Amino acid sequence: MREQILLLEQLQVIDDQIDRWERDLARLPLETQDLARSLVSIRREVTQARERQAELETTQKKNEKDLAAEQEKIKRSERRLLNIKNEKEYNALSKEIKLGKKVVAEIEEAVLAAMSEIETLKTSLERKDKEYEELEKELLSKKSEVESTVSQAEVALVTLNEEKERLTESVEKELLKTYEIVRRARGNALAELTNGSCTGCHMTIPAQLVISVLKQEEMVICPSCRRVLFVKPENIPEFNKLDT
Ligand SMILES: [Zn+2]
């Protein structure tokens, strides 16, 4: 049985390596996708911000023209006001000037608001452009990481699977079945027995089973987590060694 357990230990090492490669192969494309998605969304934000900026700049030009026209109109009215003798006419023109000044104030307010929005947009665009650039770099390096991992994984997995096949040929069928089932459920199928406890689930193992594990004559499964229990050769007491 000791030999069989040793084979399983080797198998577990190989399976762990296979799992690591496969996890990388599954994880890296997802990370690439996430980066690509972030890039798309930043690009969309940049486009929207640029469109808004252009829109504001157009409005701004119109506002400036309107403002100049309105101010010119007020100046003309004020000049006219000096020559008006008729009180009714005077009042009407004064009212018009007052109204014009109100319009001017409103346009000026809009100009200031647009200016500050344009400023904010410019700052945010600068930041987004930088962010985009960095993400793009990250994506490129991620892509090359994926490429190199994929090619390394292909080579490694061929070798590992060959080794696995070679090992499993020598493992008893029932034992292998238990190993595969527990491994799928728990991530690993073997657990070392130390100080009377299973290192897989930390449960105390009944004394009788501990002796069986030490004797290594049969396969002992942890009653709690179903992992195959083993002891390191250096932890087997002398009297047990003599027994086997
Ligand atoms: Zn256990």
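Note that the structure is a prediction, hence the values are computed from the model and not measured. (Residues numbered from 1 in each chain as written. Predicted model: local features only at pLDDT ≥ 70, side-chain atom pairs only at ≥ 80, totals over all residues.)

Asks: Teacher, can you tell me more about the overall build of the protein here?
Replies: Looking only at helices and strands, the protein features five helices and three strands. Taken over C-alpha atoms, the radius of gyration comes to 40 Å for the protein, far larger than the 18 Å a tight globule of 244 residues would show. Taking the principal axes of its C-alpha atoms as reference, the protein extends roughly 130 × 40 × 25 Å. Here the protein, with 244 residues, has 10% of them falling under the buried criterion. Contacts spanning at least 24 positions in sequence make up 74% of the contacts within the protein whose residues lie at least 6 apart. (Helix = DSSP H or I, 4+ residues; strand = E, 2+ residues; numbered from the N terminus. Rg over C-alpha atoms; globule rule 2.2 N^0.38 Å. Buried ≥ 20, exposed ≤ 12 C-beta atoms within 10 Å, placed from the backbone. Contact = placed C-beta atoms within 7 Å.)

Asks: Explain the domain arrangement of the protein to me, please; I cannot follow it from the model alone.
Replies: One frequent convention defines the size of an interface as the accessible area lost when the parts assemble. Considered domain by domain, the protein is made up of domain 1 (2–170) and domain 2 (173–243). Taken together, the contact pairs nine residues of domain 1 with ten residues of domain 2. Broken down by element, the residue count for the side of domain 1 that touches domain 2 peaks at eight residues, all from helix 1 (residues 2–82). Residue composition of the side of domain 1 that touches domain 2, grouped by class: three nonpolar, three polar and three charged. (Domains from an automatic or database assignment. Nonpolar A, V, L, I, M, F, W, Y, C, P; charged D, E, K, R; others polar.)

Asks: Before we go on, may I ask you to explain the nonpolar core in this structure?
Replies: Across soluble globular proteins, nonpolar side chains have a tendency to be buried as a group. Counting residues in each nonpolar core, the largest one holds 19 residues, and the members touching the most others are Leu-193, Val-228, Leu-229 and Phe-230. Those elements that provide at least two residues to this core are helix 1, helix 3 (173–186), strand 1 (190–194), helix 4 (207–215) and strand 3 (228–230). Formed jointly, this core draws a minimum of three residues from each of two domains, domain 1 (2–170) and domain 2 (173–243). When near neighbours in sequence (up to four residues on either side) are disregarded, Val-228 contacts Ile-5, Leu-8, Thr-178, Tyr-179, Ala-189, Leu-190, Met-219 and Ile-221. (Core = buried A, V, L, I, M, F, W, Y, C linked by C-beta atoms within 7 Å.)

Asks: How should I be thinking about the pairing of strand 1 in this particular structure?
Replies: Each regular strand displays side chains that alternate between the two surfaces of the sheet. Pairing geometry for strand 1 and strand 3, over three bridges, is parallel. Across the sheet, Glu-192 pairs through a bridge with Phe-230, a residue of strand 3. Where strand 1 and strand 2 (residues 197–198) come together, two bridges link them in antiparallel fashion. Across the sheet, Thr-194 pairs through a bridge with Ser-197, a residue of strand 2. Connecting strand 1 to the next strand, strand 2, in antiparallel fashion are two residues, including Asn-195 with a positive phi near 50°. (Pairing = 2+ DSSP bridges.)

Asks: What is the right way to look at the sheet that holds strand 3 in this model?
Replies: Either a parallel or an antiparallel arrangement is found when strands of a sheet pair, and the pairing is made through backbone hydrogen bonds. Pairing in this open sheet of three strands is mixed, and the strands run 2-1-3 from one edge to the other. Strand pairing shows two members of the sheet lacking a second neighbour, strand 2 and strand 3, which therefore form its edges. Contacts from helix 1 reach strand 1 and strand 3 within the one sheet, and its direction differs from that of strand 3 by about 110°. (Axes fitted to C-alpha atoms, helices over the stretch in contact; angles between N-to-C directions.)

Asks: Would you take a moment to explain the packing of helix 1 against helix 2 (residues 87–170) for this structure?
Replies: Describing two packed helices takes the angle between their axes plus the distance from one axis to the other. The contact between helix 1 and helix 2 brings their axes to 3 Å, and the two run at 165°. Here helix 1 lies roughly antiparallel to helix 2, going by the angle between them. Between helix 1 and helix 2 lies a crossing of left-handed hand. Within the contact of helix 1 with helix 2, the residues separate by chemical class into 40 nonpolar, 16 polar and 27 charged. (Parallel < 35°, antiparallel > 145°, perpendicular 65-115°, else oblique. Left-handed = near helix turned anticlockwise from the far one by under 90°.)

Asks: Would you mind going over the packing of helix 1 against helix 3 with me for this structure?
Replies: For the pair helix 1 and helix 3, interaxial distance at closest approach is 11 Å and the crossing angle is 35°. The way helix 1 lies across helix 3 gives a crossing that is right-handed. Counting all contacts with helix 1, which are made through Gln-4, Leu-8, Leu-11 and Asp-15, the residues of helix 3 involved are Leu-175, Tyr-179 and Arg-183. Looking at the contact of helix 1 with helix 3 residue by residue, the class counts come to four nonpolar, one polar and two charged.

Asks: Just checking my understanding: could you explain helix 2 for this structure?
Replies: Since there are 3.6 residues in each turn of an α-helix, residues three or four apart along the chain are aligned in direction. Between its first and last C-alpha atoms helix 2 spans 118 Å; for 84 residues at 1.5 Å apiece the expected length is 124 Å, and the two agree. Little of helix 2 is tucked away: one of the 84 residues are buried. (Expected span 1.5 Å × (residues − 1).)

Asks: Even after reading the chapter, I still don't get unusual backbone geometry, so can you show me in this structure?
Replies: Trans is the common state for peptide bonds, and a negative phi is the common state for residues other than glycine. Phi at Asn-195 takes a positive value of approximately 50°, unusual for a residue other than glycine. Even without being a glycine, Gln-216 presents a positive backbone phi close to 60°. Structurally, the position occupied by Gln-216 is in the loop between helix 4 and strand 3.

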